[in-house]
Amino acid sequence: MNSSSGKATFAAMAAMLVAVAVFQTRSAQSSSATTSQAPAKPLLLEKNEGERRIWREPPPGDFILKVSPRNNGSQQLVMGTEDMAPGDEFPTHKHLGQDELVYIEKGTVHVHLGEQERDLHPGGTVFIPANTWVDIKNAGTERVSVVFVFSAPGFENYMRCDSVLPNEKVTPLSLEGQKECSHQGHVTYKDLDESPKN
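Residues numbered from 1 in each chain as written. Predicted model: local features only at pLDDT ≥ 70, side-chain atom pairs only at ≥ 80, totals over all residues. Heavy atoms only, no water.

Draft legend 1. Layout of the sheet that holds strand β11 (residues 163-164). Strand order in this open sheet of seven strands is β8-β5-β10-β3-β2-β1-β11, and the pairing throughout is antiparallel. At either margin of the open sheet sits one strand with a lone partner, and together these are β8 (125-128) and β11. Where strand β2 (residues 62-67) meets strand β3 (residues 78-84), four bridges bridge the pair, whose relative direction is antiparallel. Bridge pairing in β3 places Val67 opposite Met79. (Pairing = 2+ DSSP bridges. Helix = DSSP H or I, 4+ residues; strand = E, 2+ residues; numbered from the N terminus.)

This is how it looks when you write it as structure tokens:
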């Protein structure tokens, strides 16, 4: 190798190293600016493990929050599971800041999603973009089991607000209490929005 090609190779390698160092420094600065909280903790959970909660409104169904900022420090997503008895429904609502995935593990649900409507069966998936109206109902005769995942934290605040821990007394919320829960969870429920003001 002659000296001029050696110098060119050395200069190219030095430029690449400088570019990598600058990129890594910017990435580290960006990460520390956006994530001032401790990193999320890894979790290994069985089916019935997690934060079990009981809905306030009858029928008193329950759900389990598994991944969330409060459960393990996750700042990127929220995940949980819920069983629906025949006739149970996730009433018409839309999430204001998060996309949601609902995966049907067991049973059949009837879904209204935006302009679409159909039944989904085990293995079916509902993708709900933010600001899209959705209603999911167990219209069958057996229990439905679903897994839900949100693209960002927020709705779990509504879920905690409108539920209690298993050892707590179940007390219904007033209309204003329901609206406050919706506000905390970045969600709009069609029935609450259309109800008269007190």
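Draft legend 2. Representation of the state of the cysteines. Tallied over the full model, the rule gives one disulfide. At a sulfur-sulfur separation of 1.9 Å, the disulfide partner of Cys161 is Cys181. Handedness here is read from the sign of the S-S torsion; for Cys161 and Cys181, about -70 degrees, the answer is left-handed. In this pair, Cys161 sits in helix α3 (residues 155-161) while Cys181 sits in helix α4 (residues 175-184), placing the two residues 20 residues apart along the sequence. Each member of the pair, Cys161 together with Cys181, is buried. (Disulfide = S-S within 2.5 Å. Buried < 20%, exposed > 50% of the residue type's maximum accessible area, 1.4 Å probe, protein only.)

Draft legend 3. Examining the pattern of salt bridges more closely. Scanning the model with the defined rule gives three salt bridges in all. A cluster of three or more residues bridged by salt bridges with shared partners is formed by Glu51, Arg53 and Arg160. (Salt bridge = Lys/Arg side-chain N within 4 Å of Asp/Glu carboxyl O.)

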